[in-house]
Amino acid sequence: MKKLLSSVIILGLCTAILSSCNIFSSRDKNTVTLNMWHNYGGDMQETMDLLIDEFNSTEGKDNGIIINVTAISSSSELNQSLDMIANGDPGAPEIPDIFTGYPKTAIKFTENNMLVNLNDYFSSDELDLYVEAFITEGKLDDGGLYVFPIAKSTEVLYLNRTLFDKFAAATGADESDLATFEGIAELATDYYSYSEGKQFFSADSWFNLTEAGSAQLGSSIFDNNGLSLNNDEFSYIFNEIFTPCVQGGFAIYDGYSSDLSKTGDIVCSTGSSAGILFYGDTITYSDGTVEQVTYDILPYPVFEGGKKTALQRGGGLMVAKSTEEKEKAACTFIKWLTSPEQNIRFIAKTGYLPVTKQAFETDLPSQFESLSDIRIKKMLTSVLAMYSEYNFFTAPNYSSFDNDSSVFEKKFIDIMNKSSDKFISGDTVDSNEALSELISVFSQ
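Because the structure is predicted, anything quoted here is derived from the model rather than measured.

Notes on the overall build of the protein chain
In terms of regular secondary structure, the protein chain is built from 18 helices and 15 strands. Along the three orthogonal principal directions, the C-alpha set of the protein chain runs to about 115 × 50 × 40 Å. Put simply, 73% of the contacts in the protein chain that link residues at least 6 apart link residues at least 24 apart. The average position of the 30 basic charges and that of the 63 acidic charges among the side chains of the protein chain differ by 11 Å.

What follows is the structure, encoded as structure tokens:
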């Protein structure tokens, strides 16, 4: 009898264990686990971690979705791994289900039919909730949406208010001249004399400046074959910035303008709104002297006669082709992550911009008082003003875009430095000759 009872108990335990195993097995089968790679660091990584944990315990739990971050690295390292995958290189890692990247990366993957067209999972009404220009950047030539916006940036004018006010008090310089590139060029000439040889302005990217300037003037530096500089608008832009670049008013620097700002070597610069955290409240001169300063963030300058236009750019999220179940789960996560509440939390401590209209127009302004970083508050004030007055344009997506922009930047800097050396040595400098040299690089 005891043996029989023991057998029954053991049988019951085995049945319970098997039932429990079946329950967990069933749950595992109904749970979709997605591997994710991203390139966010610092505050953005910390916030992303918190958001993913929140999704997994709320929306993800309700829908049987788990987001598992399996790689966090710099943009260059991430792009290197993604290139290996897209190219089918030996030893390439397995493609993640969701990953961050730029349209240039998407082009490589779509050529091998490896990315989900997100139009298949987002209705037109859902897409209408997002800033149109931000959605447009993620579309490729076939009209498909392959990169979904999560955090964007535009370009602004960073102004060292402390240095400028000293300059204005001594010379009568008018701040309104900062609204145009022509005005900045004139101020640069005056500042060079006032400061006995210091530069006034620099651009993080001269390529971006000419790209935006051309769009402002109703033209483009691109055609169906890629980069094309042989037009009147580009010639005008080049000639307007040539003299201050060569004669010393503009700093030709192969690096970020914030480096020059930190040492007091320039007064203002154009650069990404996401670069705001690189500007502090002091500058350190070459002799070690430290000065307390204040920065202002102004709307992006416009060439005279042009329309208020600025570049917008930024990475986004891509979804690898797999099963319909996984693809749908990935898009469920993206919709949750980019909804106004989550998106505002993601960008609140950075210089990035939210991607939905509601976040841009309503939620962001209402949270100004709660922002503790005065730099971010100033930047967002400027960008919100631009949002209502400017047209945000998107650079074209084509395979050699990065190479073209890199070649342009290097050649532009080289030409300006050579021309400056000639000017300093007393030789005649011809802007049209320099222009022809740059155009010829992309005419072959």
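Thoughts on the pattern of salt bridges
Taken as a whole and judged by the stated rule, the model has 16 salt bridges. A salt bridge links Glu126 to Lys335; the nearest nitrogen and oxygen atoms lie 3.2 Å apart. With Glu126 in helix α6 (residues 124-127) and Lys335 in helix α13 (residues 324-337), the pair connects residues that are 209 residues apart, well separated along the chain. By relative accessible area, Glu126 is classed as partly exposed at 26%. Under the relative-accessibility criterion, Lys335 is labelled partly exposed at 28%. Across the pair Glu175 and Arg161 runs a salt bridge, and its minimum N-O distance is 2.9 Å. Of the two residues, Glu175 sits in the loop between α8 (161-171) and α9 (181-194) while Arg161 sits in helix α8, which places them 14 residues apart along the sequence. On the basis of relative accessibility, which here comes to 32%, the residue Glu175 falls in the partly exposed class. Each of the salt bridges in this network shares a partner with another, and the network as a whole consists of Arg161, Asp165, Glu175, Asp296 and Lys378.

What about helix α15 (residues 357-366)?
Within the sequence span of α15, burial applies to Ala359, Phe360, Asp363 and Leu364. An end-on view of α15 places all buried positions within 130 degrees of arc, on one side of the element. Structurally, α15 contributes buried residues whose contacts are with α7 (132-137), α14 (340-347) and α16 (374-389).

Section: the environment of Gly248
As for its position among the elements, Gly248 is in the loop between α11 (232-247) and α12 (257-262). Taking the C-alpha atoms as reference, Gly248 lies 9.6 Å from Ile424; in sequence the two are 176 residues apart. Residue contacts for Gly248: discarding those within four places in its chain leaves Tyr192, Lys198, Gln199 and Thr243.

Considering the environment of Lys422
Among the secondary structure elements, Lys422 is positioned in helix α17 (residues 401-424). For Lys422, a relative accessible area of 33% gives the class partly exposed. Each C-alpha atom of the pair Lys422 and Leu50 lies 56 Å from the other, and the pair is 372 residues apart in sequence. If sequence neighbours within four positions are ignored, Lys422 has contacts with Asp427, Thr428, Val429 and Glu433.

Examining the nonpolar core
By size, the foremost hydrophobic cluster in this structure holds 118 residues, and its most contacted members are Phe164, Leu178, Phe200, Phe201, Trp206, Leu209 and Phe412. Residues in contact with Leu178, not counting those within four places in the same chain, are Leu157, Leu159, Phe164, Ile184, Leu187, Phe200, Cys268, Leu298 and Pro301. Core analysis: the second largest hydrophobic core is formed by 15 residues, Trp37, Phe99, Ala106 and Leu140 among them.

Looking at the pairing of strand β14 (residues 316-319)
Pairing geometry for strand β3 (residues 98-101) and β14, over 4 bridges, is antiparallel. Looking at the pairing, Phe99 lines up with Met318 of β14.

Observations regarding the side chain of Ser257
Relative to the assigned elements, Ser257 resides in helix α12. Not counting the four nearest positions on each side in its chain, Ser257 is found in contact with Ser202, Ala203, Asp204, Ile266, Ser269, Thr270 and Tyr279.

What to know about the side chain of Ser405
Positionally, Ser405 belongs in helix α17. There is a polar contact of 2.9 Å between the side chain of Ser405 and the backbone oxygen of Asp402.

What about the packing of aromatic side chains?
Taken as a whole and assessed by the stated rule, the structure comprises 37 aromatic pairs. Centroid distance Phe181 to Tyr300: 5.6 Å. Interplanar angle 75 degrees. Geometry classified as edge-to-face. Of this pair, Phe181 sits in helix α9 while Tyr300 sits in the loop between β12 (295-298) and β13 (309-313), and the two are 119 residues apart along the sequence. The two residues Phe181 and Tyr300 agree in class, both being buried. Consider the rings of Phe234 and Phe408, whose centres lie 6.2 Å apart with planes at 70 degrees: the pair is edge-to-face. Pair noted here: Phe234 is in helix α11 and Phe408 is in helix α17, with a separation of 174 residues, a long-range link.

Comments concerning the pairing of strand β9 (residues 268-272)
With 4 of its 5 residues buried, β9 lies for the most part within the structure. Two elements, strand β5 (residues 153-160) and β9, share 5 bridges in a ladder whose sense is antiparallel. Paired with Val156 across the two strands is Gly271, which belongs to β9. Of the strand pairs in this sheet, strand β6 (residues 201-203) and β9 are connected by 3 bridges, and their pairing is parallel. Counterpart to Phe201 in the pairing with β9 is Cys268.

A look at the sheet that holds β14
Read from one edge of the open sheet, 5 strands run β2-β1-β3-β14-β4, paired in mixed fashion. The outermost strands of the open sheet, each flanked by one partner alone, are β2 (65-72) and β4 (148-149). In this structure, strand β1 (residues 32-38) lies alongside β2, joined through 7 bridges in parallel fashion. Across the sheet, the residue bridging to Thr33 is Ile66, located in β2. On the sheet, α13 packs against β1, β2, β3, β4 and β14 and is oriented at approximately 55 degrees with respect to β1.

Some remarks on the confidence of the model for the protein chain
Caution applies to low-pLDDT parts of the model: their predicted coordinates are not meant to be read in detail. Summary statistics for the protein chain give a mean pLDDT of 90 and a share of 93% for residues scoring 70 or more. Within the protein chain, α8 carries the highest mean pLDDT (98), whereas helix α1 (residues 2-30) carries the lowest (39). Here residues 1-27 is modelled with pLDDT under 50, and outside its nearest four sequence neighbours on either side it reaches 0 contacts, counting other chains as well.

Thresholds applied
- Residues numbered from 1 in each chain as written.
- Predicted model: local features only at pLDDT ≥ 70, side-chain atom pairs only at ≥ 80, totals over all residues.
- Heavy atoms only, no water.
- Helix = DSSP H or I, 4+ residues; strand = E, 2+ residues; numbered from the N terminus.
- Contact = heavy atoms within 4.5 Å.
- Lys, Arg positive; Asp, Glu negative; His and termini not counted.
- Charge placed at Lys NZ, Arg CZ, Asp CG, Glu CD.
- Salt bridge = Lys/Arg side-chain N within 4 Å of Asp/Glu carboxyl O.
- Buried < 20%, exposed > 50% of the residue type's maximum accessible area, 1.4 Å probe, protein only.
- Arc of directions from axis to C-beta.
- Core = buried A, V, L, I, M, F, W, Y, C linked by side-chain atoms within 4.5 Å.
- Pairing = 2+ DSSP bridges.
- Polar contact = N/O pair within 3.5 Å; in protein donor to acceptor, adjacent residues only side chain to side chain.
- Phe/Tyr/Trp six-rings, centres within 6.5 Å; stacked < 30°, edge-to-face > 60°.
- Axes fitted to C-alpha atoms, helices over the stretch in contact; angles between N-to-C directions.
- pLDDT = per-residue confidence, 0-100.

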